[in-house]
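Results of the structural survey
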Amino acid sequence: MAKLHFLLLFSLTSVSFCYKPVIIVHGILDHASDMEDLASFITQAHPGTNITLVKLFQELESFTPLWRQVSAITATIRPVMQNAKDGVHIIGFSQGGLTTRAILETMDDHNVDSFISLSSPQMGQYGDTSFLRPFLPSIAYKDIYILFYTAYFQNKLSVANYWNDPFHEDLNNEYNIFLPVVNSLNSSKFFNVTAKEQYKKNFLRINNLVLIGGPDDGVYLEDTFGLHSLDERGSLHRYTFSGVHHTHWHGTKKVFVEAIEPWLT
Ligand SMILES: *[C@@H]1O[C@H](CO)[C@@H](O)[C@H](O)[C@H]1NC(C)=O
Ligand SMILES: *[C@@H]1O[C@H](CO)[C@@H](O)[C@H](O)[C@H]1NC(C)=O
Ligand SMILES: *[C@@H]1O[C@H](CO)[C@@H](O)[C@H](O)[C@H]1NC(C)=O
């Protein structure tokens, strides 16, 4: 009988205390419920995990400029973190992974253990704009910088915040209020050395950065926000999978088993 009690207690505690809560931030044009496939992989692998799907900026609202998303999502997930004394894990998909990076750079009280960036445009986007076609007048992607590198679009459209046109870096540095800032580029008009140090310090509170992407997802990442330090510490983990369609990353079991599950303990 005592043994049975012990087993019962053991199984209850292992369910409640083994796995850290997981927060999932969806991508552009997604509904939070689109992430339920990923959530169910987690629940199957680690029963009892408390999973929060962030239900803000869904569908068309995902075009909200990113600094506004950063502050609203921060306010929503802070209590989840505060309830988790051993920390949380956070998974950001697509645009949600970039938003999450900015959250972790600007929050000095987060307790994220693993940050998993799933097919996210961490170095911005240039090219394929097919998803924008219904929302913008037809314009070649080579020319979109004319719209996006303006104060108007920077304050209106998330995509403008991470548009990274290699042929117009000067305008990007002058007008972009987001990506060059979270990357702490000293060529940005908004560069601020105090903020840079703070962002890096905040970001380095994570224990693991897991970058998951396709072979063309942009392997070069700026070093200015702490990547090099993470790498030296053995905290940077990269996974590349070929042949995964962008919308299928969170529902592909192989990606979960090989690249996500090991970091959710
Ligand atoms: C899951 O986490 C949320 C946020 O911290 C909390 O409000 C909720 O009570 C938790 N649910 C369970 C079943 O523990
Ligand atoms: C600007 O940043 C680059 C790349 O991090 C660095 O090599 C350079 O020394 C910096 N310049 C100044 C003036 O700080
Ligand atoms: C630079 O960043 C710090 C910390 O975020 C902020 O307090 C300060 O006001 C900023 N300075 C300028 C000139 O924007």
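Residues numbered from 1 in each chain as written. Chains lettered and ligands numbered in written order. Predicted model: local features only at pLDDT ≥ 70, side-chain atom pairs only at ≥ 80, totals over all residues. Heavy atoms only, no water.

Next up on the list: the overall build of the chain. Counting secondary structure elements, the chain contains 12 helices and six strands. For the chain, whose C-alpha radius of gyration is 19 Å, the value lies close to the compact-globule estimate of 18 Å for 265 residues. Judged by the C-alpha coordinates and their principal axes, the chain covers about 75 × 40 × 30 Å. Residues counted as buried form 49% of the 265 residues belonging to the chain. Considering only contacts in the chain between residues 6 or more positions apart, those separated by 24 or more positions represent 71%. Roughly 12,900 Å² of accessible area belongs to the chain as shown, and the carbon and sulfur atoms make up 56% of that amount. The chain carries 19 positive and 26 negative side-chain charges, and their two centres are separated by 6 Å. (Helix = DSSP H or I, 4+ residues; strand = E, 2+ residues; numbered from the N terminus. Rg over C-alpha atoms; globule rule 2.2 N^0.38 Å. Buried < 20%, exposed > 50% of the residue type's maximum accessible area, 1.4 Å probe, protein only. Contact = heavy atoms within 4.5 Å. Areas by Shrake-Rupley, 256 points an atom, 1.4 Å probe, with all protein chains shown as cover. Lys, Arg positive; Asp, Glu negative; His and termini not counted. Charge placed at Lys NZ, Arg CZ, Asp CG, Glu CD.)

The environment of ligand 3 is made up of Asn192, Ala195 and Gln198. Residue Asn192 places a side-chain N or O atom 2.3 Å away from an oxygen atom belonging to ligand 3. Relative to its unbound accessible area of 360 Å², ligand 3 is 31% covered by the protein chains. (Near = heavy atom within 4 Å. Polar contact = N/O pair within 3.5 Å; in protein donor to acceptor, adjacent residues only side chain to side chain.)

For the rest of this paragraph, the subject is the pattern of salt bridges. Side chains that differ in sign of charge can pair as their charged atoms come close. Under the defined criterion, the tally for this structure stands at five salt bridges. Put simply, Glu105 and Arg101 hold a salt bridge, and the shortest N to O gap is 3.1 Å. Of the two residues, Glu105 and Arg101 are both situated in helix α4 (residues 95-106); the distance of four residues between them amounts to about one turn of the helix. Per residue, the accessibility class of Glu105 equals that of Arg101, and both read buried. (Salt bridge = Lys/Arg side-chain N within 4 Å of Asp/Glu carboxyl O.)

Take helix α12 (residues 253-260) next. Count 3.6 residues to each turn of an α-helix, and residues three or four apart come out pointing the same way. Among the residues making up α12, those that are buried are Val255, Phe256, Ala259 and Ile260. Taken end-on, α12 shows its buried residues confined to a sector of 110°, consistent with a single buried face. Of the surrounding secondary structure, the elements contacted by the buried residues of α12 are α2 (36-45), β3 (88-93), β4 (112-118), β5 (208-213) and β6 (236-240). (Arc of directions from axis to C-beta.)

Bringing helix α10 (residues 193-203) into the picture now. Taken together, the buried positions of α10 are occupied by Ala195, Lys196, Tyr199, Asn202 and Phe203. The arc enclosing the buried residues of α10, seen along the axis, measures out at 135°, which places them on a common side. Facing away from the buried side of α10 by over 90 degrees, the exposed positions are Val193, Thr194 and Lys201. As for α10, its buried residues are in contact with α3 (66-82), α4, β4, α9 (179-182), β5 and α11 (227-232). Its side-chain oxygen placed 2.9 Å from the backbone nitrogen of Thr194, Asn192 serves as the N-cap of α10.

With that out of the way, let us pick up the side chain of Ser235. Structurally, Ser235 can be placed in the loop between α11 and β6. In this structure the side chain of Ser235 is engaged in a polar contact, spanning 3.1 Å, whose partner is the backbone oxygen of Asn207. With residues near it in sequence (within four places) discarded, Ser235 still touches Asn207, Asn208, Leu209 and Leu230.

In this section: the nonpolar core. By size, the foremost hydrophobic cluster in this structure holds 45 residues, and its most contacted members are Ile23, Phe148, Val159 and Leu209. A total of six residues in this core trace back to one element, the largest contributor, which is α3. For Leu209, the residues in contact, after removing those within four places along its chain, are Phe115, Phe203, Leu227, Leu230, Ser235, Leu236 and His237. Formed by 23 residues, the second largest nonpolar core is a distinct cluster that contains Ala32, Val255, Phe256 and Leu264. (Core = buried A, V, L, I, M, F, W, Y, C linked by side-chain atoms within 4.5 Å.)

Reading across the sheet, the six strands line up as β2-β1-β3-β4-β5-β6 and stay open at both edges, with parallel pairing between neighbours. Of all the strands in the sheet, just β2 (51-53) and β6 have a single pairing partner and so form its edges. Each strand axis lies, on average, 15° off the axis of its neighbour in the sheet, ignoring direction. Pairing geometry for strand β1 (residues 22-25) and β2, over three bridges, is parallel. Considered in β2, the bridge of Val22 is made with Ile51. (Pairing = 2+ DSSP bridges. Axes fitted to C-alpha atoms, helices over the stretch in contact; angles between N-to-C directions.)

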